[in-house]
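Residue-level structure breakdown
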Amino acid sequence: MDKIKIRKGLDIHIEGEATKQLEKFEPKFCALKPTDFIGVLPKLHVAEGDDVKIGSVLFHDKNNEKIVFTSPISGKVKAIVRGEKRAILAVIVENDGKNESIDFSSVDNLIDRMLQSGIWPMLRQRPFATIANPDDKPKHIYVSMFDTAPLAPDYDFIIENQNDALAKGIDVLSKLTDGNVYVNVCRDARPCVSTNAKNVVVTEFSGPHPAGNVGTQINAISPINKGEVVWYCYPQDVIAIGKLFLTGRYDSTRIIATTGSAVKNPHYYQTRIGADITPILNIDDNARVISGNVLTGTKITDNSFLCYHDSQVTVIPEGNKYKMFGWLKPVFKRFTDTNTNGDTRPYIMTGQFERVFPFDIYPMQLIKACLIKDIEQMEELGIYEVDAEDFALCEVIDPSKTPIQQIIREGLEFIRKETC
């Protein structure tokens, strides 16, 4: 087993870790949101009032009609939520509790079964963090088996007793690439599930956050060059893939961790992808609910539907209680405050980002190249290796409170639209 130590980074310790208690929660409503997927233009297959089963197609991507998005529950289409210019924001399904599902066992082709069942969107690619293109052959596939973000869920606990499905999922992934499937584990993890696939490589990582980020792992193992594509996913995705080929059915169950200092009883729930998590959030009114972690998650406002790729919900006090001269006081180890402690500031170049940024890349220069939309300079500085989440710690320590993740995301989108 290869061993890699990440030396640059920062562990952020905050209150509200989930206890190892698992409770089953079957949601009344689930939603699939096209906004959870970068670059997807949805085309509806259903209307309000339609009956659906688990695995029924709700919409497909106009850019690639092979990629469909299927219902995680059986029931009735409750609502189709639209935004500006009638853009589809969510398809909401009401659960009938019957768990009727479509059987995909008769679909022999491996990729076709994954596509038709709706499992395929679990696979993403770099560069750009879009859904993997089924017509591509990735250089490698990466599975990050651990998470080092604040209050991250314990994947060892989540995948307990799922060895058969995990092994089958890894075997399936090994057939999708001519390269390697890198199964990346943390130093203190339980022994990784065994597989007979010859191109599966288990790599042990140690070190501070972002050692658990797949981008950090890709950079340490085999950096992405221009023109190369790699795919990646996470343990629960692999389990869902494995169960599809073991049972022929789409298993939409997902174990999530409710975390954060504003959660009264943080623990784990077995629920569904896209679940309405309102009933399980026993929180105060003045709280910020985040699908994901505090560094990279999505703030939930109008509804409480879990984002498609997330296995964590974080709830922290809302930052609307201001402290006298809060912008002037020295700050030590305070990472969870949502206050900006002042108005918008100029972008200050401190030279501190390199302390927490483990890539062999100049972060400040890349951020500036993204700001001015200089494609040539972005390429030279390694834009294809990164995603917005890789800059989360830079954003945390930035005294200017610059939205660095947004800048990187906009830079990636600019290149994607200009070159793809």
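Our subject in this report is the structure included herewith. (Residues numbered from 1 in each chain as written. Predicted model: local features only at pLDDT ≥ 70, side-chain atom pairs only at ≥ 80, totals over all residues. Heavy atoms only, no water.)

**A few points about the packing of aromatic side chains**
- Scanning all chains against the criterion turns up 10 aromatic pairs.
- With 5.5 Å between their ring centres and 85 degrees between their planes, W120 and W231 make a pair best called edge-to-face. Taken together, the residues W120 in the loop between helix 1 (110–117) and strand 10 (124–126) and W231 in strand 14 (residues 230–233) connect sequence positions 111 residues apart. The pair formed by W120 and W231 is uniform in burial state, with each residue classed as buried. (Phe/Tyr/Trp six-rings, centres within 6.5 Å; stacked < 30°, edge-to-face > 60°. Helix = DSSP H or I, 4+ residues; strand = E, 2+ residues; numbered from the N terminus. Buried < 20%, exposed > 50% of the residue type's maximum accessible area, 1.4 Å probe, protein only.)

**As for the pattern of salt bridges**
- Per the stated rule, a full pass over the model turns up 16 salt bridges.
- E318 is the salt-bridge partner of K299, the closest N and O atoms lying 3.7 Å from each other. Taken as a pair, K299 in strand 18 (residues 298–299) and E318 in the loop between strand 19 (312–317) and helix 6 (363–371) lie far apart in primary sequence, 19 residues in all.
- Salt bridges linked by common partners bring D387, R409, E413 and R416 together as one network. (Salt bridge = Lys/Arg side-chain N within 4 Å of Asp/Glu carboxyl O.)

**Remarks on empty space enclosed by the protein**
- Counted under the stated rule, the structure contains 1 cavity of 30 Å³ or more.
- Taken as a whole, the largest cavity spans an internal volume of roughly 40 Å³.
- Residue lining of the largest cavity: Y155, Y234, Q236, D237, R254, H309 and S311, and that is the complete set.
- Residues that form the lining of the largest cavity fall into these classes: 2 nonpolar, 3 polar and 2 charged. (1 Å grid on protein atoms, 1.4 Å probe; cavity = no way out; pocket = protein on both sides within 12 Å on 5 of 7 lines; lining within 4 Å. Points joined across faces, edges and corners; volume = space filled by probe spheres on them. Nonpolar A, V, L, I, M, F, W, Y, C, P; charged D, E, K, R; others polar.)

**A closer look at the layout of surface pockets**
- By volume, the second largest pocket is sized at about 710 Å³.
- Around the second largest pocket, the lining comprises 28 residues; the ones closest to its centre are F146, D147, T148, A149 and A152.
- Elements with a contribution of two residues or more to the lining of the second largest pocket: helix 2 (155–158) and strand 13 (200–206).
- Residues of the lining of the second largest pocket, tallied by class, amount to 15 nonpolar, 5 polar and 8 charged.

**Describing the environment of T195**
- Structurally, the position occupied by T195 is in the loop between strand 12 (181–186) and strand 13.
- Sequence separation of T195 and Q405 is 210 residues, and the distance between their C-alpha atoms is 37 Å.
- Among residues more than four places away in sequence, those in contact with T195 are I170, D171 and V200. (Contact = heavy atoms within 4.5 Å.)

**Structural notes on the sheet that holds strand 2 (residues 22–24)**
- Pairing is mixed across the open sheet formed by 6 strands, whose spatial order is 2-16-15-19-17-18. With partners counted over all chains shown, the strands left at the sheet margins are strand 2 and strand 18, one partner each.
- Relative to strand 19, strand 17 (residues 287–291) runs antiparallel, the two being bridged by 5 bridges. Each residue of the ladder has a partner; that of R288, found in strand 19, is I316. (Pairing = 2+ DSSP bridges.)

**Some details on the packing of helix 6 against helix 9 (residues 404–419)**
- Viewed as axis vectors pointing N to C, helix 6 and helix 9 meet at an angle of 60 degrees, and their least axial separation amounts to 9 Å. When the interaxial angle is binned, helix 6 and helix 9 end up oblique. Between helix 6 and helix 9 the crossing geometry is left-handed. Between helix 6, through I367, C370 and L371, and helix 9, the contact on the second element is made entirely by I404, I407, I408 and G411.
- When the residues that make up the contact of helix 6 with helix 9 are grouped by side-chain class, the tally is 6 nonpolar, 1 polar and no charged. (Axes fitted to C-alpha atoms, helices over the stretch in contact; angles between N-to-C directions. Parallel < 35°, antiparallel > 145°, perpendicular 65-115°, else oblique. Left-handed = near helix turned anticlockwise from the far one by under 90°.)

**A word on the sheet that holds strand 1 (residues 2–5)**
- Spatially, the 6 strands line up as an open sheet ordered 1-13-12-11-14-10, and their pairing is mixed. Of all the strands in the sheet, just strand 1 and strand 10 have a single pairing partner and so form its edges. Each adjacent strand pair in this sheet contributes to an overall mean axis angle of 30 degrees, direction not counted.
- By the bridge criterion, 3 bridges tie strand 10 to strand 14 in an arrangement that is antiparallel. Note that in strand 14 the partner of R126 across the bridge is V230.

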